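# What the coordinates show
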Amino acid sequence: MNAYKTTIEYDDRSVRHFMVASITWGLVAMLAGVIAAFQLNFWEMNGKFLETVTFGLFKSEGLQYITFGRLRPLHTNAAIFAFVGNMMFAGIYYSTQRLCKCRTASDLLTKIHFWGWQAIIVLAAITLPAGLTRGKEYAELIWPINILVAVIWLTFAVNFFWTLRKRNEPSLYVALWFYIATIITVTMLYVVNHLSIPTSFTHSYPIFGGVQDALVQWWYGHNAVAFFLTTPILGIMYYFIPKSVNRPVYSYRLSIIHFWSLVFIYIWAGPHHLLNTALPKWLQVLGMFFSLMLWAPSWGGMLNGLLTLRGAWDKLRTDPVVKFLAVGVTFYGMSTFEGPLLSIRAINATSHYTDWTIGHVHSGTLGWNGFMAAGMFYWLAPRLWGTKLWSKDLANVHFWIGLVGILLYVASMWVSGISQTLMLNQLDESGTRVVNEFVDTAMAPSVWGMMLTRAIGGTLYLTGFILLAINIFKTARAGKPVNETREVYVERPDIQDRMSWRDAFRNDPITYTGWHLLFVILWFFLPPGADLMSLLGAGVMAFLAIRAFRRNKEGWVGWHERLLHNYLPFSVFVLIAVAIGGMVQIIPAVTVNRAKNVEDRLQTLYTPLELAGRDIYVSEGCYNCHSQMVRTLVPEVLRYGDYSRLGESIYDHPFQWGSKRTGPDLAREGGARSNDWHYKHLMNPRSLQGSTTKSRMPNYPWLAEEKIDFKALPKKIAVQTQLGVPYPAMTRDEIEQDAREQALAIAATLAEKGVEIPVEAGSPEEARDYLAERKMVALISYLQKLGAYDDVEPGSVPDNRPSPIMPDIPDDHKEQLTLSEAE
Amino acid sequence: MEVLALTLFLSLLFAVLFLFLFVRERKQRGPGGVERDSLIPFDGDDDFSAPSGHQKDQ
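Source: prediction; values computed, not measured. (Residues numbered from 1 in each chain as written. Chains lettered and ligands numbered in written order. Predicted model: local features only at pLDDT ≥ 70, side-chain atom pairs only at ≥ 80, totals over all residues. Heavy atoms only, no water.)

## A closer look at the overall build of chain A
What counts is decided by this rule: The numbering of helices and of strands both runs from the N terminus, where a helix is a DSSP run of H or I of at least 4 residues and a strand a run of E of at least 2. Note on method: radius of gyration uses C-alpha positions; expected globular size equals 2.2 Å times residues raised to 0.38. Burial classes follow relative accessibility: with a 1.4 Å probe on protein chains only, a residue under 20% of its type's maximum area counts as buried, one over 50% as exposed, and anything between as partly exposed. Each accessible area is a Shrake-Rupley result for a 1.4 Å probe, and residues are judged covered by the shown protein chains and nothing else. In this charge count, Lys and Arg are treated as positive and Asp and Glu as negative; neither His nor the chain ends contribute. The location of each charge is read from NZ of Lys, CZ of Arg, CG of Asp or CD of Glu.
When helices and strands are tallied, chain A shows 31 helices and six strands. Taken against the 2.2 N^0.38 rule, which gives 28 Å for 823 residues, the C-alpha radius of gyration of chain A at 28 Å falls within 12% of a compact globule. Dimensions of chain A along its principal axes, counting C-alpha atoms only, are 90 × 70 × 55 Å. Considering chain A as a whole, with its 823 residues, one finds that 62% of them fall into the buried category. Accessible surface computed for chain A: about 30700 Å², of which carbon and sulfur atoms make up 65%. With 71 positive and 67 negative side-chain charges, chain A shows a spacing of 12 Å between the two charge centroids.

Dropping the structure here:
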């Protein structure tokens, strides 16, 4: 062991960069959110309103680039990856250097990381409004940008692990564990959910389709919340809260439990986004079960954070930093309480597809992420610029405006979500018919008014953040950039990074945990009888483990302590912990024969033109307002028709089940309306007779001008075939020919009805020929195809459960529905 | 609806288990080896209430 003293200059420049980037993009993200929110009350907020405001001087049909379907992905991506992303990098770079007592390993990698990440954000801000998207929520960016993200993320990972390797502190502090988990898991999730085959430089189809795509997407989507918006922020909590109150964390032992249980359990909970669909029941129950288990570790973490303030509660009144952090952690507790609640199937039946979910997400992002960010920034700024915070009062004003903003937001979304479901589910006396039109429920004061309240809440929150930006800017101006230098006492004890793999893996804790988990997993998969045996086995293992632990406490604790001195074995265990949950869910669902998921219906293939129309639907982001999934719930079936079989979307790359309904479900839209109805509706939903006059759906006039890209179709069909969609053999010409003929036929029906077109047409034939080239026609062909399926012999298709998966829990909902149909 | 009852039952079990462990944890606190690690963020802060190298805040 050799020890010496050395002076280190920390790289605080990069921390400043990330922080300023986070604040800047945060303002952009929130502004996009506020505009999007107002659009749901006043659809003209896409630019059309300029016409009214300027008394017609400024002619505007609205900007296609900021219609809701394109703006919402920009908002979500900016909030998650640009605002929280840059914030977490600032926090990670600052704290990791201090906790490792060394400067970040490579300044060059840090620079590449910073500028690469900003380049990605700029590219996102260009492509998303342009309608270039993969059509999967929070995974919308097109494939070339995906590759860039992967490269930059790996740069960050290398830099981080390299720093760990160089560290001058043998023990890894709890914050670092959470950063490790973040890096490993996000890599895994991101890669799997972005696997796709390009059809052009800007377009690709995801390799998964239908139910498989749904599972992969929500496995990713849920864990983006877990491992991008939660674990890094928990790491930040474990560093910055103790620092801000000058007290060590309440219980280190609790943080160990918090960490391992959270990392292990979170990854399983994805299917709670697909409750009450035709998804196999076992998966739904799995998702629900693990979501409920999340209560314990989440609250353990929250209490650990809050109790760190013990003896320093007075600071809660005086120090804005502590205020923000304490309330941020409290919102972590609130939203992780609400989350499991929403995962209970019966509650989810009410909450899903409504504003309630939106409120839930925002209590997490605005309350937990946003307030933690603010607390951290207010703490960092004086230290990074060597001065004091410009105005404590302003920070206090920010706090109160922000808090009122969040509360308005969350409360109004509860009211709006619940009351809309109640109205939608209202049946007449006979109990066989829904009484309220979809639009009428959306326009009811308890929904429309609440949505307006939400928009106001969001505006308040944004205002608060503007105050933060001013305050930090003024602080920076008052001081000058300082990089902290510090003398540290370096010792490289023999215990650091010396653990043998044998020592890491061959020991009681791992052996018992391994066997226990194996039995639990077998319990899910084995047929009846055997499954109970496994459950019993799991119980016995737990018992033996507790006994072994009591006998040899020192050994168990000592092993974990050794693990904390060895970053590589530690990281490998994190990987294993997250991979188990991932595999149990994903592998059966992804590898299982598709035919097994079909039930009694099989989707009819899209014609080339319909496929083109579908790509337009995806590109316009219609999925941000419309679902395509009739759940196995009675009122839903009464409103929209039969529940959606998994087989009905099996060839959909990407799936379009959606996650919220600002408009009605479209799964059974095909044939419900005439072509010219759709045309007029898309041109201006408010121009039609009936309830749509109150619609909040935007106008899509440009679809009647822009041309269909017929030439791209052969390649698209080829890729679909590669993905397993059973298209018959067709030549390039046949594909194009087929598409043009179908377009002409639809255009003819439109011309016959004399729909208005953007150009002067001398005759109906001229109008027809004009329309036959336009995106509108392709989109209509797709809408008319929605819900088309072929009946398949129930006997010829194996049952829908990915076998041999047990235990089989009877699905009452489905049985009831099939019965009532038969009557 | 049994699903709901089962869920509530299980989650209550978890809550109780958690409370139990939490209370035990509180009782057993001592200057253990693990807890020492929680001081890492303050290592080298010669003045615990005003980290060295930083300008004084506020």
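Still more ground to cover, so stick around.
## Points about the overall build of chain B
Across its full length, chain B holds two helices and zero strands. Looking at chain B as a whole, 28% of its 58 residues are labelled buried.

## A short note on empty space enclosed by the protein
All names here are of chain A. Definition in use: Residues are called lining when one of their atoms sits within 4 Å of a cavity or pocket point, these points coming from a 1 Å grid over the protein atoms alone, where a cavity is a set in which a 1.4 Å probe fits but cannot get out and a pocket is an open set with protein on both sides within 12 Å along at least five of seven lines. Grid points are joined across faces, edges and corners, and a volume is the space filled by probe spheres set on the points. Polar here means any residue other than Ala, Val, Leu, Ile, Met, Phe, Trp, Tyr, Cys and Pro, which are nonpolar, and Asp, Glu, Lys and Arg, which are charged; Gly is therefore polar.
Scanning all chains against the criterion turns up eleven cavities of 30 Å³ or more. Of the pockets and cavities examined, the second largest cavity occupies roughly 180 Å³. Taken together, 18 residues line the second largest cavity, and the ones lying closest to its centre are Gln628, Glu648, Ser649, Ala667 and Gly787. The residue makeup of the lining of the second largest cavity, split by class, is six nonpolar, seven polar and five charged.

## Topic: the environment of Ala442(A)
All names here are of chain A. Quick note on the threshold: By the convention used here, residues are in contact when the closest approach between their heavy atoms is within 4.5 Å.
Looking at where alanine 442 falls in the secondary structure, it is placed in helix α17 (residues 438-443). Residues alanine 442 and threonine 662, spaced 220 residues apart in sequence, show a C-alpha to C-alpha distance of 7.7 Å. Look past the residues within four positions of alanine 442 in its chain and what remains in contact with it is Gln420, Val447, Trp448 and Arg696.

## What about the packing of helix α3 (residues 68-100) of chain A against helix α8 (residues 231-245) of chain A?
All names here are of chain A. Selection criterion: In this analysis an axis means a line fitted to C-alpha atoms, helices contributing only their contacting stretch, and an angle means the value between N-to-C directions, from 0 to 180 degrees. Angles are sorted into four bins: roughly parallel if under 35 degrees, roughly antiparallel if over 145, roughly perpendicular if 65 to 115, and oblique for all others. Each helix crossing is assigned a hand: it is left-handed if the near helix lies turned anticlockwise from the far helix by less than a right angle, otherwise right-handed if that turn is clockwise.
In contact at an axis separation of 10 Å, α3 and α8 are set at 45° when each is read in the N-to-C sense. Here α8 runs oblique to α3, going by the angle between their axes. The hand of the α3/α8 crossing is left-handed. In contact with Val84, Met87, Met88, Gly91, Tyr94, Ser95, Arg98 and Leu99 of α3, α8 contributes Pro232, Ile233, Ile236, Tyr239 and Phe240. Residue classes in the contact of α3 with α8 are distributed as ten nonpolar, two polar and one charged.

## A closer look at the packing of α8(A) against helix α13 (residues 320-342) of chain A
Residue and element names in this part refer to chain A. Here α8 crosses α13 at 145°, and the two axes come no closer than 10 Å. Read as a crossing pair, α8 and α13 show a hand that is left-handed. Residues Leu234, Met237, Phe240, Ile241, Ser244 and Val245 of α8 form the contact with α13, whose participating residues are Val321, Val322, Leu325, Val329 and Tyr332. Looking at the contact of α8 with α13 residue by residue, the classes come out as ten nonpolar, one polar and no charged.

## Regarding the nonpolar core
Residue and element names in this part refer to chain A. To keep things clear, this is the line we draw: Here, nonpolar core refers to any group of buried Ala, Val, Leu, Ile, Met, Phe, Trp, Tyr and Cys residues whose side-chain atoms link them within 4.5 Å.
Counting residues in hydrophobic clusters, the biggest one holds 237 residues, and the most contacted among them are Met19 and Trp117. Here this core gets 17 residues from one element, more than from any other, and that element is α3. Filtering out sequence-adjacent residues up to four positions away, methionine 19 remains in contact with Ala90, Phe377, Leu380, Ala381, Leu384, Trp385 and Ile472.

## Some details on the domain arrangement of chain A
Residue and element names in this part refer to chain A. Counted only if it meets this: These domain boundaries are the output of an automatic or database domain assignment. Accessible surface is computed with a 1.4 Å probe, and the buried area is the amount of it that two parts give up when combined, taken over both parts together. We count a salt bridge whenever a side-chain nitrogen from Lys or Arg sits within 4 Å of a carboxyl oxygen from Asp or Glu. Two N or O atoms count as a polar contact when they lie within 3.5 Å, although within protein this holds only if one can serve as hydrogen donor and the other as acceptor, and sequence-adjacent residues are included solely when both atoms are side-chain atoms.
By the assigned domains, chain A splits into domain 1 (2-481), domain 2 (501-597) and domain 3 (604-791). Distance from the C-alpha centre of domain 1 to the C-alpha centre of domain 3: 33 Å. Between domain 1 and domain 3 lies a buried interface of about 5100 Å² when both sides are counted; carbon and sulfur atoms form 61% of it. Where domain 1 meets domain 3, there are two salt bridges. Between arginine 70 and glutamate 620 there is a salt bridge whose closest N-O contact spans 2.9 Å. Here domain 1 is connected to domain 3 by 21 residue pairs in polar contact (both at pLDDT 80 or more). Of all the secondary structure elements, the ones that give two or more residues to the side of domain 1 that touches domain 3 are α3, β2 (196-198), β3 (204-206), α7 (210-227), α14 (345-351), α17 and α18 (445-478). Per-element accounting of the side of domain 1 that touches domain 3 gives the leading share, six residues, to α7.

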